[in-house]
Amino acid sequence: MENSISENVISENLILVKPDAKYSQEILAYKKEFENSTDRMNGAGGLEKYDDPIKWIELCRLLEKQETCPPDRVESDQYMLVRAGDGKVLGMINFRHWLNEYLAEYGGHIGYSVRKSERLKGYAKKMLGLCLQRCRQAGLSKVLLTCMSGNEGSRKTILGAGGVYERTTRLDSEDVDMERYWIYLDPLEKYYNRYNENNRLLTRSGSVEFLTTMRYIKRFIKPGARILDIGAGTGRYSLRLADEGYQVDAVELIEHNIEIFKSQIKPDHRISVKQGNVLDLSSIADNSYDIVLLLGPMYHLYNTADKRRALEETLRVTKPGGVMFAAYCIQEASIIQYGFEGRHMPEIFEKKLLDPETFKVISDPSEIFELYRREDIDTLMETLGAKRLHYVAADLYTQYMRSTVDAMDDVTFECYLNYHYSICERNDLTGLTNHSLDIWKKN
């Protein structure tokens, strides 16, 4: 890995720096503070073995590049958290570029420590956050961190940085249990690794979108139809269609979702699941499927080129005369519910996420969801070779009265569904929906 992230990172009055001779006395003081305690000096790149800080600094430089890295070590970047005001070394953190067998099970990508006299001041959290910026710049999508069971301080630091617990492993050589956590650096992966989409669709209010979408799918699906589910998530639609005897091929980007999906497949289901991206369906032949579902990917594409590419790829793999279902998140619901009802409008304007005159949402990947208006969708589709069959407000007003819908008895909910179905295509209402369903027939 090319060492291209050696610049100092500054946050408030804290600086993440690589070891330098000008900090020699501070490095020795840091080491001595650990020697006078029983604490482990994690994330210090073997500093405990060196009495001469210059020799240790030289080792740190050798470890940065593959061609100079000793054969018994992995490439790594060593950093120190320094307080700018007095130049004091507050913590040490080590970022390993890749994992050998031991690190992959017990050590992880990052190790860190804070000197005892400076603990309980939030420095570990700040240092880890700065180091994660370096990991993103280095191209990692996720990093593994471990901590000893019972180390509540480290555990809270990892969880505070978005760590997702995986499992606990036994390190027999040190007679300790090590807890393993993954931190997802891509906002989309991070979101779906902490959020269960199935739970949303299983509530009464969440099921309205699902039931509405299934109702329209059943209008067009025929016995023996070939079905492709792109961005299948945890498999909610694929599994239901498989329950009804259809064969479904599913493509999903997020590994965590795939694991949940596969765990729910029954022996009699005819489902194939593979990891893939809607922007590149080159492994799928043209004109292959009668029904193609695109019920998630358009939520997470932020530029026109990617959006058009997703729609073009979806139509490409659809047979002539086949039907494509695309879902979108509609912006007005978010402005009304999150912005005004949630009292977040000042924050939204401060972040420049909303045009103050047109109230058009300005999304980016850090916000997870791209929000649309009907005219945005029309513009994307206007030059593609397809004919719109239906534009549907998949949940319409449901999410505005979520608690009311969730509390309905069966009879009232059935009545509500029938009412919803009767109005969900009305042009004067569709702009208020949280989720829209756009249905097209390929020419």
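Fair warning: this is a prediction, and the values are worked out from it, not measured in the lab.

1. Description of the overall build of the protein
Phase 1: Looking only at helices and strands, the protein has 16 helices and 16 strands in total.
Phase 2: When its C-alpha atoms are laid out on the principal axes, the protein stretches across 75 × 50 × 45 Å.
Phase 3: A buried classification covers 51% of the 443 residues belonging to the protein.
Phase 4: Restricting to contacts in the protein with at least 6 residues of sequence separation, those with at least 24 account for 68%.
Phase 5: Counting every atom, the protein has about 21300 Å² of accessible surface; 50% of that belongs to carbon and sulfur.

2. Some words on the side chain of T146
Phase 1: Examined against the element boundaries, T146 turns out to sit in strand β6 (residues 142–148).
Phase 2: From its side chain, T146 meets the backbone oxygen of Y106 in a polar contact 2.7 Å long.
Phase 3: A distance of 3.5 Å separates the side chain of T146 from the backbone oxygen of G107, its partner in a polar contact.
Phase 4: Excluding its chain neighbours within four sequence positions, the residues that come into contact with T146 are Y106, G107, G108, I158, M178, E179 and R180.

3. Re the packing of helix α8 (residues 204–220) against helix α16 (residues 410–423)
Phase 1: Direction vectors running N to C along α8 and α16 enclose 50 degrees, while the axes themselves pass 11 Å from each other. With respect to α16, the axis of α8 lies oblique. Our pair here, α8 against α16, has a crossing hand that is right-handed. Seen from α8, the contacting residues are R204, S207, V208, L211, T212 and R215; seen from α16, they are D410, F413, Y416, L417, H420 and Y421.

4. Points about the environment of I362
Phase 1: Looking at the element boundaries, I362 is found in the loop between α13 (345–350) and β14 (371–372).
Phase 2: In sequence terms I362 and Y372 are ten residues apart; their C-alpha atoms lie 9.8 Å from each other.
Phase 3: Each residue touching I362, except ones within four places of it in the same chain, is listed here: K352, L353, L354 and D355.

5. A short note on the pattern of salt bridges
Phase 1: A complete count under the given rule lists 38 salt bridges for this structure.
Phase 2: Across the pair D438 and R388 runs a salt bridge, and its minimum N-O distance is 2.7 Å. Taken together, the residues span a long stretch of sequence, with D438 in strand β16 (residues 435–442) and R388 in strand β15 (residues 386–393) at a distance of 50 residues.
Phase 3: For D438, a relative accessible area of 0% puts it in the buried group.
Phase 4: Since its relative accessible area comes to 23%, R388 is described here as partly exposed.

6. A few points about unusual backbone geometry
Phase 1: Not every positive phi belongs to a glycine, and R343 is a case in point at roughly 60 degrees.
Phase 2: Unlike most non-glycine residues, F359 shows phi in positive territory, near 60 degrees.
Phase 3: Residue classification places F359 among the partly exposed residues on the basis of a relative accessible area of 31%.

7. Examining the confidence of the model for the protein
Phase 1: Chain-level pLDDT for the protein is 91 on average; 95% of the residues reach the 70-or-more range.
Phase 2: The low-confidence segment residues 1–10 (pLDDT under 50) makes 27 contacts with residues lying over four places distant or belonging to another chain.

8. Regarding the sheet that holds β6
Phase 1: Reading across the sheet, the three strands line up as β6-β8-β7 and stay open at both edges, with antiparallel pairing between neighbours. The sheet is open, and its two edges are formed by β6 and β7 (164–171), each paired on a single side. Going across the sheet, the axis of each strand differs from the next one's by a mean of 25 degrees, ignoring polarity.
Phase 2: Pairing between β7 and strand β8 (residues 176–184): seven bridges, direction antiparallel. Opposite Y165, over in β8, you have Y181 as the bridge partner.

The rules we used
- Positions within a chain are numbered from 1, following the residues in the order the chain's sequence is written.
- Given that the model is predicted, a residue must reach a pLDDT of at least 70 before its local features are reported, and side-chain atom pairs must reach 80 or more before they are shown or counted; all residues, however, enter totals for whole chains, interfaces and linings.
- Processing note: side-chain calculations cover all non-hydrogen atoms of the structure and skip hydrogens and water entirely.
- Secondary structure elements follow DSSP: runs of H or I of four or more residues count as helices, runs of E of two or more count as strands, with numbering from the N terminus.
- The rule is simple: take the accessible area with a 1.4 Å probe, protein chains only, and divide by the maximum for that residue type; under 20% is buried, over 50% is exposed, in between is partly exposed.
- It only takes one pair of heavy atoms within 4.5 Å for two residues to be counted as in contact.
- Using the Shrake-Rupley algorithm and a 1.4 Å probe, accessible areas are obtained, with residue cover drawn only from the displayed protein chains.
- What qualifies as a polar contact is a pair of N or O atoms within 3.5 Å, subject to a donor-acceptor requirement within protein and to the restriction that residues adjacent in sequence count only when both atoms come from side chains.
- Only C-alpha atoms enter the line fits that serve as axes; for helices the fit covers just the stretch in contact. Angles between N-to-C directions range over 0 to 180 degrees.
- The labels follow the angle: roughly parallel below 35 degrees, roughly antiparallel above 145, roughly perpendicular from 65 to 115, and oblique for the rest.
- By the definition used in this description, the sense in which the near helix is turned from the far one sets the handedness, with an anticlockwise turn below a right angle giving left-handed and a clockwise turn giving right-handed.
- Think of a salt bridge as a Lys or Arg side-chain nitrogen and an Asp or Glu carboxyl oxygen that are within 4 Å of each other.
- pLDDT is a per-residue confidence score from the predictor, ranging from 0 to 100.
- We treat two strands as partners when DSSP finds at least two bridges between them.

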